[in-house]
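Topology and contacts: notes
Next come the chains, spelled out residue by residue.
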Amino acid sequence: MHPFFSSKSIFLLPKFQNSTMTIHTLLFASLLIFSFIHSCRGGNKDRLFTELQNLIEVTTKPMQDGVVLEAGKDMVTVKWKLKSSAKVDADATFKTIQVKLCYAPISQVDRPWRKTHNELLKDKTCPYEIVSKPYDKTPQSLDWTVELDIPTGTYFVRVYGIDGDGHEVAYGQSSDEGRTTNLFSIQAISGGHVSLDIASILFSVFSVVSLLVFFVKEKKKAKLEQRE
Amino acid sequence: MEVEGKGGEAGTTTTATRRFALPVDAENKSTTFRLFSVAKPHMRAFHLSWFQFFCCFVSTFAAPPLLPIIRENLNLTATDIGNAGIASVSGSVFARIVMGTACDLFGPRLASAALTLSTAPAVYFTAGIKSPIGFIMVRFFAGFSLATFVSTQFWMSSMFSGPVVGSANGIAAGWGNLGGGATQLIMPIVFSLIRRMGATKFTAWRIAFFIPGLFQTLSAFAVLLFGQDLPDGDYWAMHKSGEREKDDVGKVISNGISNYRGWITALAYGYCFGVELTIDNIIAEYFFDRFHLNLQTAGIIAASFGLANFFARPGGGIFSDLMARRFGMRGRLWAWWIVQTLGGVLCAFLGQIHSLTWSIVVMLIFSVFVQAACGLTFGVVPFISRRSLGVISGMTGAGGNVGAVLTQLIFFKGSTYSRETGITLMGIMSIACSLPICFIYFPQWGGMFCGPSSKKVTEEDYYLAEWSSKEKAKNLHLASQKFAETSVSERGRASTHPQT
């Protein structure tokens, strides 16, 4: 009887467990540190979107109306300014202005990673930043080329007024409250290339052909051995 | 100069001119397991087979860690992602069942390499998909490669003898399953390397898929070039020269499927291995979305789940063997049920935790339990049937994937349940589906709650009952006889059963 747990292998087993345990402890420790830093950055977690005032007027004009914009090629002109109905000095706290590209409800259907949450830190409606610049009282305009990594979908633009602490204090958007009007569509790049397709075909053919070659070789070998 | 020795069921001694690097038994199966050796043919077969299985796992689960990018490129909905996840594990349900027979007919070397090489195109073509349907199709076909699990177990059972076959099987399976974890680390790293070389996000992920595809192809080549089906040679040659007795395939299948224990192990495996597969599919996205981590960090955390397989699954197998030494088969069953149920409890907990740190801690502990349960399952499976070992293994293996399909269908498709709720419900279902383990009963050894039969059934009675008297007259049952003799160890130390 040759037992698996011979004296040599008993030393092997704890060795494995120790090295994996060390790796796990290190991983765990580094993640603890990471999450500690992460949670410190949290700040005030309860800031809600509904607490913000709609003080900014935003208009968007796609390069061509009624046409789906192509990522990497087409442009959208975004204009924003403080609403004329706003009180004097309503923008006193604004330090930075952040212009973001946001999903319309139709692009959020069955996609929980794009869900709208009232808590500003949880909200996933506006993941893409168009521009972030210091606040200027004068009306602003920007010609923005749709970036290459924007996915296919229907969008609007939202502008946040941010104070010195980095907290949003006011907003404005190019669409209505229900986010149904004045939307524009973007078509993403496919990311595919002819060279990739050719490479796929080449490698696949290579795999299948080599399998057949091996099979034929095996059969020949077997026939040879049978004859012996 | 090597001479063909007579191996297999005939049982006569080998000619002495054949030399092996490791000590072997009468069937030329190795009686020891030396991890750091690549000696031909035993240890070489081990390393080739676990590595090939590992590569197949890497390919099958290469998409999940990159889903945050892929879902935007292909405009996928949560329903599409759920369907693709189901597709990725459903293909190999059928493939695993067929693989056992394929190994019997062609040998594990050719059967596994054929599967690996014919599914590699699915991985390569992932680079060119443009729609949700394309995504579902490539994941479906790539997933067939998980049937190399059956060929791994088959090959190890042909190369290693009784006292070490459990460990060989457990380590090979565990290190293969490791691929599901490793891929969560590998793919984001490969992706960011390619991005750094200048590709856009939506192109970089496509190029990244060539890496698992290449590894899959190369591992199959290694198996074909350096591997050998049996200690004495390859199947093809030995079959034709009449050395191996062939059993009636129909009888083997009907004998296997009529054994109720195989169905229970299939269901239970569906809720340990099935849970593992489901987690491999959803965990990276879960951490990415719920805790707002970046792709690499979510990948590292997701990887640590699958990486526990390095020691957890082999550990389960070894624990099963340890329990058997003292308590016999009843010990194996109790250990399996307790570990698997605890895994389910931890899974239910995981969904309820709101903090990142605690989620990681619970997930790590949960991973050890669920993977050990997989190892414990295959501590019991080899004893359910000797004649239809391949069928029972195939059923159990397939059952694992069915569990993954069902779980993803019920809890992780579309937006019906949030991911967290899905994870909790999966844990509860795990606990429920582990209960049938209590009903496994061996008349010669007992079950969890009952001792051995009062009719004093022996191991020989149990295993030879699988053969008819006509077949016994032809001496087809001799391997089962030998197995029955060695399985007396499943009575445990404390048994008062009289020795026959």
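Bear in mind that the values here come from a model prediction, so they are computed numbers and not experimental data.

**Some thoughts on the interface of chain A and chain B**
Counting from both sides, the interface comprises 56 residues of chain A and, opposite them, 67 residues of chain B. Taken together, both faces of the contact between chain A and chain B bury some 5500 Å²; the carbon and sulfur share is 72%. Viewed at the interface, chain B and chain A are joined by three salt bridges. Put simply, Glu218 of chain A and Arg109 of chain B hold a salt bridge, and the shortest N to O gap is 2.7 Å. On inspection of chain A and its partner chain B, the count reaches 16 residue pairs in polar contact (both at pLDDT 80 or more). Of all the secondary structure elements, the ones that give two or more residues to the side of chain A that touches chain B are helix 1 (7-40) and helix 2 (194-227) of chain A. The element best represented in the side of chain A that touches chain B is helix 2 of chain A, accounting for 20 residues. Grouping the constituent residues of the side of chain A that touches chain B by class yields 31 nonpolar, 15 polar and 10 charged.

**Focus: the UniProt feature "transmembrane region" (unreviewed entry) in chain A**
Residues annotated in UniProt with the feature "transmembrane region" (unreviewed entry) correspond here to residues 198-216 of chain A. The distance from the first to the last C-alpha atom of residues 198-216 of chain A is 27 Å, and the span holds 100% helix and 0% strand.

**Things to note about the side chain of Ser359 of chain B**
Residues and elements named next belong to chain B. Secondary-structure assignment places Ser359 in helix 16 (residues 356-380). Judged by its relative accessible area of 0%, Ser359 falls in the buried class. Here the side chain of Ser359 touches Ser355 through a polar contact of 3.0 Å, landing on its backbone oxygen. Contacts of Ser359, omitting those with residues within four sequence positions, involve Phe287, Phe291, Leu350 and Ile353.

**Things to note about the pattern of salt bridges**
Side-chain pairs of opposite charge can arise where the charged atoms are in close proximity. All names here are of chain B. Tallying each qualifying case throughout the model produces 14 salt bridges over all chains. For Glu285, the salt bridge is made with Arg71, and the minimal N-O distance between the two is 2.8 Å. Taken as a pair, Glu285 in helix 13 (residues 273-290) and Arg71 in helix 2 (residues 67-73) lie far apart in primary sequence, 214 residues in all. Here Glu285 matches Arg71 in class, with each residue buried. Among the ionic pairs, Arg290 bridges to Glu420, the shortest N-O distance being 4.0 Å. Linking Arg290 in helix 13 with Glu420 in helix 18 (residues 419-434), this pair joins segments that are 130 residues apart in sequence. One network of salt bridges, in which partners are shared, links Arg71, Glu285 and Asp289.

**Structural notes on the packing of aromatic side chains**
The final tally for this structure, using the stated rule, is 40 aromatic pairs over all chains. Ring geometry for Phe49 of chain A against Tyr171 of chain A: centres 4.6 Å apart, planes inclined by 45 degrees, an arrangement best described as tilted. With Phe49 of chain A in the loop between helix 1 and strand 1 (53-54) and Tyr171 of chain A in strand 9 (residues 168-173), this residue pair connects regions lying 122 residues apart in the sequence. In this structure, Arg261 of chain B packs its charged tip against the face of Phe442 of chain B, placed 5.2 Å from the ring centre.

**Looking at the pairing of strand 10 (residues 184-187) of chain A**
Residue and element names in this part refer to chain A. Residues of strand 10 alternate between two faces, with Phe184 and Ile186 buried on one and Ser185 and Gln187 left unburied on the opposite face. Of the strand pairs in this sheet, strand 3 (residues 69-70) and strand 10 are connected by two bridges, and their pairing is parallel. Paired with Glu70 across the two strands is Gln187, which belongs to strand 10. Here three bridges tie strand 8 (residues 153-162) to strand 10, and the two strands are oriented antiparallel to one another. Of the residues in strand 10, the one forming a bridge with Gly153 is Ile186.

**Details of the side chain of Ser59 of chain B**
All names here are of chain B. Looking at where Ser59 falls in the secondary structure, it is placed in helix 1 (residues 42-60). Side-chain polar atoms of Ser59 contact the side chain of Gln216, separated by 2.6 Å. Apart from residues no more than four positions distant in its own chain, Ser59 is found in contact with Val123, Pro212 and Gln216.

**A few points about the packing of helix 1 of chain B against helix 6 (residues 148-159) of chain B**
All names here are of chain B. Contact pair helix 1 / helix 6: the axes reach a minimum separation of 10 Å and the direction vectors enclose 170 degrees. By the angle between their axes, helix 1 is roughly antiparallel relative to helix 6. On helix 6, the residues touching His42, Ala45, Phe46, Leu48, Ser49, Gln52, Phe53 and Cys56 of helix 1 are Thr148, Phe149, Thr152, Trp155, Met156 and Met159. By residue class, the composition of the contact of helix 1 with helix 6 is nine nonpolar, five polar and no charged.

**Here's the deal with helix 3 (residues 78-106) of chain B**
Note that an α-helix has 3.6 residues per turn; residues three or four places apart therefore point the same way. All names here are of chain B. Here helix 3 contains 29 residues, and its C-alpha end-to-end distance of 41 Å stays within 8% of the 42 Å for a straight helix at 1.5 Å per residue. Met99 marks where helix 3 bends most, by close to 30 degrees. In the segment just after helix 3, Gly107 is the residue with positive phi, at about 90 degrees.

**Section: the sheet that holds strand 7 (residues 140-145) of chain A**
All names here are of chain A. Here we have three strands laid out as an open sheet, ordered 2-4-7, and antiparallel in their pairing. Each having just a single partner strand, strand 2 (56-62) and strand 7 make up the two edges of the open sheet. When strand polarity is set aside, the average angle formed by the axes of neighbouring strands in this sheet is 20 degrees. As paired elements, strand 4 (residues 75-82) and strand 7 share six bridges and run antiparallel to each other. What sits directly across from Val76, in strand 7, is Trp144.

**Observations regarding the state of the cysteines**
Scanning the entire structure with this criterion turns up one disulfide over all chains. Cys102 of chain A shares a disulfide with Cys126 of chain A; S-S distance 2.1 Å. What sets the handedness of the Cys102 of chain A and Cys126 of chain A disulfide is the S-S torsion sign, and at about 100 degrees it is right-handed. Highlighted residues: Cys102 of chain A in strand 5 (residues 96-103) and Cys126 of chain A in the loop between strand 5 and strand 6 (128-134), separated in sequence by 24 residues. A single burial state applies to Cys102 of chain A and to Cys126 of chain A, both of which are buried. Cys374 of chain B supplies the cysteine sulfur nearest to Cys272 of chain B, a cysteine that is in no disulfide, at a spacing of 3.7 Å. With relative accessibility at 0%, the residue Cys272 of chain B sits in the buried group.

Thresholds applied
Residues numbered from 1 in each chain as written. Chains lettered and ligands numbered in written order. Predicted model: local features only at pLDDT ≥ 70, side-chain atom pairs only at ≥ 80, totals over all residues. Heavy atoms only, no water. Contact = heavy atoms within 4.5 Å. Buried area = accessible area lost by both parts, 1.4 Å probe. Salt bridge = Lys/Arg side-chain N within 4 Å of Asp/Glu carboxyl O. Polar contact = N/O pair within 3.5 Å; in protein donor to acceptor, adjacent residues only side chain to side chain. Helix = DSSP H or I, 4+ residues; strand = E, 2+ residues; numbered from the N terminus. Nonpolar A, V, L, I, M, F, W, Y, C, P; charged D, E, K, R; others polar. UniProt positions renumbered as here; feature names shortened; annotations may be inferred. Buried < 20%, exposed > 50% of the residue type's maximum accessible area, 1.4 Å probe, protein only. Phe/Tyr/Trp six-rings, centres within 6.5 Å; stacked < 30°, edge-to-face > 60°. Lys NZ or Arg CZ within 6 Å of the ring centre and 35° of its normal. Pairing = 2+ DSSP bridges. Axes fitted to C-alpha atoms, helices over the stretch in contact; angles between N-to-C directions. Parallel < 35°, antiparallel > 145°, perpendicular 65-115°, else oblique. Expected span 1.5 Å × (residues − 1). Bend = angle between axes of the 7 residues up to and from the residue. Disulfide = S-S within 2.5 Å.

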